[in-house]
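Here is how the chains run, residue by residue.
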Amino acid sequence: MSDNNGRFVWYELMVDNQAAAKAFYGKVLGWGFDDMPMPGKEGQIYSLAKVGDTPVAGIMLLPDDAKAMGAVASWNGHVGSPDVDAMAAKAKSLGGRVYSEPMDIPGIGRFAVLADPQGAVILTFKGSGEPMPGPASDATGSIGWRELCAVNMAEVRDFYFQLFGWAAGEEYDMGPMGKYQLFTVHGDVTGGMMNKSPEMPAPFWGYYFNVEGVEAALARVEAAGGKKLMGPTQVPTGQWVGLAFDDQGVYFGLLSAAK
């Protein structure tokens, strides 16, 4: 089994204004970009976000068919799979949904858009060639943490453990908010799961970007037209986190060893 199977292998931002998103994240995270035509999508561009020479994420326009299904601008994670079609079928058998049936991206790979039984969206992907070398897990500008905000975390976590082969890590008691469940992928602590707060309209996956200091990064967020939601806040691991909306209202997190 490929070491990428079950791991988060890619991240993608779908927005209404691609140029504005590039400007925002370039200022906040220091990304550079390579623009390229999208296979099978005449006139559309895929913006490959890079830290130095290493690709870390993609930015694209939110497709009209996704909008018609109620999708809004958001960050999305792709989990590697040896067989996307089998993974989509398994998601259905576990009570999840398939929002977009498996399809090919010419010359790139095959993917499907899934949702867990409570509605949080996650994608699964299998590349058509050798995997691209990714950034180090703690590289500045890359994603260093993944977090599920669920309707009921205790009821949905087994969906992911069975679907992707993840395992439960430590649990932290957050008082009235319930438990915070770490999860591991191939033995590596990769992210956490928790109950969403009542004001969050729907369950979702959130992604945290590594920065050199959360306080300074939150200042860049506000200077670039975004909104600070929380932070800097120190978590039990000793790291500092912040939460924000970008200038198009997309939620994301920041993560650093320093305040």
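In this text the structure is predicted, and so the values were computed from the model without any measurement.

**Some thoughts on the pairing of strand 5 (residues 74–80)**
Now for step 1: Extensive coverage of strand 5 is indicated by the burial of six of its seven residues.
Now for step 2: With six bridges connecting them, strand 1 (residues 8–15) and strand 5 associate as antiparallel partners. Opposite Leu-13, over in strand 5, you have Trp-75 as the bridge partner.
Now for step 3: With three bridges joining them, strand 5 and strand 8 (residues 121–127) adopt parallel strand pairing. Within the sheet, the bridge partner assigned to Val-79 lies in strand 8 and is Thr-124.

**Considerations on the packing of aromatic side chains**
The description of an aromatic ring pair rests on the distance of the ring centres and on the angle between the ring planes.
Now for step 1: Going through the model one piece at a time under the given rule, you end up with 26 aromatic pairs.
Now for step 2: Judged by centre distance (6.2 Å) and plane angle (5 degrees), the rings of Phe-8 and Tyr-11 are stacked.
Now for step 3: Assessed through its relative accessible area of 12%, Phe-8 is described here as buried.
Now for step 4: On the basis of relative accessibility, which here comes to 7%, the residue Tyr-11 falls in the buried class.
Now for step 5: Their ring planes at 90 degrees and their centres at 5.6 Å tell us that Tyr-25 and Trp-75 sit as a pair that is edge-to-face. Linking Tyr-25 in helix 1 (residues 18–29) with Trp-75 in strand 5, this pair joins segments that are 50 residues apart in sequence. Both residues of the pair, Tyr-25 and Trp-75, count as buried.
Now for step 6: Ring pairing ties together the aromatic residues Phe-8, Tyr-11, Phe-159, Tyr-160, Phe-164, Trp-166, Phe-183, Trp-205 and Tyr-207, which thus form one cluster.

**A few points about the sheet that holds strand 12 (residues 188–195)**
Now for step 1: Here we have eight strands laid out as an open sheet, ordered 10-11-12-9-13-16-15-14, and mixed in their pairing. Each edge of the sheet is formed by a strand with only one pairing partner; in this case those strands are strand 10 (167–173) and strand 14 (227–234). Pairwise comparison of adjacent strand axes, ignoring direction, gives a mean angle of 25 degrees for this sheet.
Now for step 2: Relative to strand 12, strand 9 (residues 143–150) is paired through five bridges, and the arrangement is parallel. Each residue of the ladder has a partner; that of Leu-148, found in strand 12, is Met-193.

**Quick notes on the nonpolar core**
Now for step 1: Membership of the largest hydrophobic core comes to 54 residues, with the highest contact counts inside it found for Trp-75, Tyr-160, Trp-166, Trp-205 and Leu-254.
Now for step 2: Not counting chain neighbours up to four residues away, the residues in contact with Trp-205 comprise Phe-8, Trp-75, Ala-120, Val-121, Ile-122, Arg-146, Glu-147, Leu-148, Tyr-160, Trp-166, Phe-183 and Met-193.
Now for step 3: Ranked by size, the runner-up nonpolar core spans eleven residues in total, among them Trp-145, Leu-182, Phe-204 and Leu-255.

**Some words on the packing of helix 1 against helix 5 (residues 214–223)**
Now for step 1: In contact at an axis separation of 8 Å, helix 1 and helix 5 are set at 155 degrees when each is read in the N-to-C sense. Considered as vectors, helix 1 and helix 5 are oriented roughly antiparallel to each other. Remark: the crossing between helix 1 and helix 5 carries right-handed chirality. Counted together, Phe-24, Lys-27 and Val-28 of helix 1 and Ala-217, Arg-220 and Val-221 of helix 5 form the full contact between these two elements.
Now for step 2: Split into classes, the residues belonging to the contact of helix 1 with helix 5 amount to four nonpolar, no polar and two charged.

Here is what the cut-offs are and how they apply
- Residues numbered from 1 in each chain as written.
- Predicted model: local features only at pLDDT ≥ 70, side-chain atom pairs only at ≥ 80, totals over all residues.
- Heavy atoms only, no water.
- Buried < 20%, exposed > 50% of the residue type's maximum accessible area, 1.4 Å probe, protein only.
- Helix = DSSP H or I, 4+ residues; strand = E, 2+ residues; numbered from the N terminus.
- Pairing = 2+ DSSP bridges.
- Phe/Tyr/Trp six-rings, centres within 6.5 Å; stacked < 30°, edge-to-face > 60°.
- Axes fitted to C-alpha atoms, helices over the stretch in contact; angles between N-to-C directions.
- Core = buried A, V, L, I, M, F, W, Y, C linked by side-chain atoms within 4.5 Å.
- Contact = heavy atoms within 4.5 Å.
- Parallel < 35°, antiparallel > 145°, perpendicular 65-115°, else oblique.
- Left-handed = near helix turned anticlockwise from the far one by under 90°.
- Nonpolar A, V, L, I, M, F, W, Y, C, P; charged D, E, K, R; others polar.

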